[in-house]
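Spelled out from the first residue to the last, the chains are:
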Amino acid sequence: MAVFVALGAFLMTLAGGWVAQRVTDRRHLVLGFAGGLMLGVVGLDLLPEAIEAAGTPVFGVPAALLLFVGGFLVAHLVERLLAARQVAHGASGRRVPQVGLTAAAAMVGHSLMDGVALGAAFQISGSMGVAVALAVISHDFADGFNTYTLTSLYGNARRKALLMLFAAAVAPVVGAATTLLFTLPEELLGGYLGFFGGALLYLAAAEILPEAHHTHPGRSTLLCTIGGVGFIWLVVGIAE
């Protein structure tokens, strides 16, 4: 089931790359809704499940929450390192193709971990798997869009941009397939989902939502974000 759902992420990533070549003025609405979905999944489903599975206190704080904060900080650190490298290479006033490829490779690695999180969620329960699938599939559109954009923005040929896009699309399927080979203990799964939730929240708060609201800070974008959160609330309520 996890691999089958990951095929949806594969198609959504390709769709994001396709849109990157044909950007329309409605992209902010799609990203706003995707950011709402991600926020809803983290706060309303992923984090509560992670605490329940890995809630053993470490110095008074549940292990899942510590890993949640760790995931947020790691995602922030990776972004800062890439940004610093980009500034260093861009200081001469020209774009370096390797910077675009490095950033795109990071997106591929992130997509691979999306697949692992998807498979891990289905190991816990079907409802958890569906909730995480919604988050993964929804933000993989943005992953595909960003992977193609980052690769081509720094002067790489269209062929390389498409190659990186395809790698990002296949990565979730590979990640989900690896979880068919083993079953993780519940506490370890909870810890991983807590870490993944922190990284997912960072992507929503620092990347997806600012991008959605930057050029179009209108009511329609905000309503799409709220609608995404509300949709996850509905899904969680029905699943329970």
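Residues numbered from 1 in each chain as written. Predicted model: local features only at pLDDT ≥ 70, side-chain atom pairs only at ≥ 80, totals over all residues. Heavy atoms only, no water.

The protein chain appears in an unreviewed UniProt entry as ZIP family metal transporter from Streptomyces durocortorensis. Under Subcellular location (unreviewed entry), UniProt gives the following word-for-word description of the protein chain: "Cell membrane". Here is the UniProt Sequence similarities (unreviewed entry) comment for the protein chain, exactly as written: "Belongs to the ZIP transporter (TC 2.A.5) family." (UniProt positions renumbered as here; feature names shortened; annotations may be inferred.)

*Asks:* Let's hear about the overall build of the protein chain: which residues, and what values?
*Replies:* Of regular secondary structure, the protein chain possesses eight helices and two strands. Listing each helix as α and each strand as β along the protein chain from the N terminus yields α-α-β-β-α-α-α-α-α-α. Within the protein chain, the proportion of its 240 residues that are buried is 45%. Nonlocal contacts in the protein chain, meaning residues at least 24 apart in sequence, comprise 83% of its contacts between residues at least 6 apart. (Helix = DSSP H or I, 4+ residues; strand = E, 2+ residues; numbered from the N terminus. Buried < 20%, exposed > 50% of the residue type's maximum accessible area, 1.4 Å probe, protein only. Contact = heavy atoms within 4.5 Å.)

*Asks:* Residues and numbers for the packing of aromatic side chains, please.
*Replies:* The full count for this structure, using the stated rule, is three aromatic pairs. Residues Phe-72 and Tyr-202 carry aromatic rings whose centres are separated by 5.1 Å and whose planes lie at 85 degrees to one another, so their mutual orientation is edge-to-face. Highlighted residues: Phe-72 in helix α3 (residues 63–90) and Tyr-202 in helix α7 (residues 186–214), separated in sequence by 130 residues. (Phe/Tyr/Trp six-rings, centres within 6.5 Å; stacked < 30°, edge-to-face > 60°.)

*Asks:* Can you lay out the side chain of Thr-13 for me, pointing to particular residues and giving the numbers?
*Replies:* Tracing the backbone through its elements, the reader meets Thr-13 in helix α1 (residues 2–21). For Thr-13, a relative accessible area of 0% corresponds to the buried category. The contact partners of Thr-13, leaving out residues within four places of it in the chain, are Asp-140, Gly-144, Leu-165, Ala-168 and Ala-169.

*Asks:* Just give me the short version of the UniProt feature "transmembrane region" (unreviewed entry) in the protein chain, but keep the residues and values in it.
*Replies:* UniProt annotation of "transmembrane region" (unreviewed entry) refers to residues 29–47, 59–78, 116–141, 162–183, 189–209 and 221–239 when read in the numbering used here. Helix and strand shares over residues 59–78 are 80% and 10% respectively, and the end C-alpha atoms of the span are 27 Å apart. Between the C-alpha atoms that bound residues 189–209 there is a distance of 28 Å. The span itself is 100% helix and 0% strand.

*Asks:* How would you summarise helix α6 (residues 158–178) if you had to cite specific residues and measurements?
*Replies:* Look at α6: 30 Å from first C-alpha to last across 21 residues, which is about the 30 Å you get at 1.5 Å a residue. Of all the bends in α6, the greatest, near 30 degrees, is centred on Val-170, and the proline Pro-172 appears no more than four residues after it. Taken together, the buried positions of α6 are Ala-161, Met-164, Leu-165, Ala-168, Ala-169, Ala-171, Pro-172, Val-173, Gly-175 and Ala-176. (Expected span 1.5 Å × (residues − 1). Bend = angle between axes of the 7 residues up to and from the residue.)

*Asks:* A description of unusual backbone geometry should follow, citing residues and the corresponding values.
*Replies:* Unlike most non-glycine residues, Phe-59 shows phi in positive territory, near 55 degrees. Relative to the assigned elements, Phe-59 resides in the loop between β1 (57–58) and β2 (61–62). A relative accessible area of 87% means that Phe-59 is categorised as exposed.

*Asks:* Give a description of the environment of Gly-35 that names residues and reports values.
*Replies:* Residue position: Gly-35 is located in helix α2 (residues 27–53). Residue Gly-35 is classed as buried on the basis of its relative accessible area, which comes to 0%. With 174 residues separating them along the chain, Gly-35 and Leu-209 place their C-alpha atoms 5.5 Å apart. Aside from chain neighbours lying at most four places away, what touches Gly-35 is Ala-204, Ile-208 and Leu-209.

*Asks:* For the confidence of the model for the protein chain, give the residues involved together with the corresponding values.
*Replies:* Per-residue confidence for the protein chain gives a mean pLDDT of 79, with 86% of residues at or over 70. By mean pLDDT, the top-scoring element of the protein chain is β2 (91), and the lowest-scoring one is helix α5 (residues 126–153) (75). (pLDDT = per-residue confidence, 0-100.)

*Asks:* Quick one: what's the story with the environment of Gly-191, residue by residue and with numbers?
*Replies:* Along the chain, Gly-191 falls in helix α7. Distance from Gly-191 to Leu-67, taken between C-alpha atoms, is 6.3 Å for residues 124 residues apart in sequence. In contact with Gly-191, other than residues within four places in its own chain, are Ala-54 and Leu-67.

*Asks:* Tell me what's going on with the nonpolar core, and back it up with residues and numbers.
*Replies:* Judged by nonpolar contacts, the single largest core of 42 residues is most densely connected at Leu-46, Leu-118, Val-132, Tyr-192 and Phe-196. Mapped by element, the contributors of at least two residues to this core are α1, α2, α3, α4 (97–124), α5, α6, α7 and α8 (219–239). Ranked by the residues each element gives to this core, the list is headed by α7, at nine residues. Beyond its immediate stretch of four places on either side in the chain, Phe-196 contacts Leu-46, Met-113, Asp-114, Ala-117, Val-132 and Val-136. (Core = buried A, V, L, I, M, F, W, Y, C linked by side-chain atoms within 4.5 Å.)

*Asks:* So what about the environment of Ala-104? Which residues, and what values?
*Replies:* Take Ala-104: it is sitting in helix α4. Along the primary structure Ala-104 and Asp-143 are separated by 39 residues, whereas in three dimensions their C-alpha atoms are 9.3 Å apart. Those residues within four positions of Ala-104 in sequence are excluded, and the remaining contacts are Thr-147, Thr-151 and Met-164.

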